[in-house]
Amino acid sequence: MKIYTLKAKQNLPISLDEAWEFLSDPRNLKTITPDYMGFQILSGADRKMYSGQIIQYIVTPIAGIKSKWVTEITHTKDKHYFVDEQRFGPYALWHHKHFLKEIPGGVEMEDIIDYKVPFGILGQLVHPFMVKPKLKEIFEYREKKLIELFGNHESSSDKKLNLYNY
């Protein structure tokens, strides 16, 4: 059983309050998800984020195949972090930690995702050329979209999104 870890960091020139306000609204996830993913919230996004919140989505991650994705917000600490975990969906395991911290001139967002692909050894075989690049693409899209919305942090002008996948 192989568990992968993806880590991403991005700095934005906004306050911690602004960052939390945007990220704690589940409806904004559609804004930072590529259109081709067919992301649609079915239920659970009618309130700001809270521990125990169940959110249901439809996503189309590969070849136009629609998949229902159900996540639970398991932990939150106002303006510091939140954790979402997949309850049902395309992954065998999905545990996504979102951290925020103030930095000079803005806020640093850090994501740490531990995930397992389905289908055992077959899933592990397709991971390097199907799943891993797709996740990288999604996070690169998110980075660009957040820069469009909030601007580029001065420390980010000469480097790309820090994205690691183990």
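An account of the accompanying structure is given in this report. Keep in mind it's a predicted model, so treat the numbers as computed, not measured.

This next bit is on the overall build of the protein chain. In terms of regular secondary structure, the protein chain is built from two helices and eight strands. When its helices and strands are written in sequence order, the protein chain yields β-α-β-β-β-β-β-β-α-β. Relative to its length of 166 residues, the protein chain is compact, with a C-alpha radius of gyration of 16 Å against a globular reference of 15 Å. Along the first, second and third principal axes, the C-alpha set of the protein chain runs to 45 × 35 × 25 Å. Here the protein chain holds 166 residues, and the buried ones make up 45% of them. When the accessible surface of the protein chain is totalled, it reaches about 9,100 Å², and 56% of it is carbon and sulfur. The centroid of the 23 positive side-chain charges in the protein chain is displaced by 6 Å from the centroid of its 21 negative side-chain charges.

Counting across every chain of the model gives one cavity of 30 Å³ or more. Its boundaries defined by the atoms lining it, the largest cavity holds a volume of some 40 Å³. Around the largest cavity, the lining residues are Leu 23, His 98, Phe 99, Leu 100, Met 109, Glu 110, Asp 111 and Arg 142. Within the residue set of the lining of the largest cavity, elements represented by two or more residues are β6 (93-103) and β7 (106-116). Split into classes, the residues belonging to the lining of the largest cavity amount to four nonpolar, one polar and three charged.

Quick notes on the rules
- Residues numbered from 1 in each chain as written.
- Predicted model: local features only at pLDDT ≥ 70, side-chain atom pairs only at ≥ 80, totals over all residues.
- Heavy atoms only, no water.
- Helix = DSSP H or I, 4+ residues; strand = E, 2+ residues; numbered from the N terminus.
- Rg over C-alpha atoms; globule rule 2.2 N^0.38 Å.
- Buried < 20%, exposed > 50% of the residue type's maximum accessible area, 1.4 Å probe, protein only.
- Areas by Shrake-Rupley, 256 points an atom, 1.4 Å probe, with all protein chains shown as cover.
- Lys, Arg positive; Asp, Glu negative; His and termini not counted.
- Charge placed at Lys NZ, Arg CZ, Asp CG, Glu CD.
- 1 Å grid on protein atoms, 1.4 Å probe; cavity = no way out; pocket = protein on both sides within 12 Å on 5 of 7 lines; lining within 4 Å.
- Points joined across faces, edges and corners; volume = space filled by probe spheres on them.
- Nonpolar A, V, L, I, M, F, W, Y, C, P; charged D, E, K, R; others polar.

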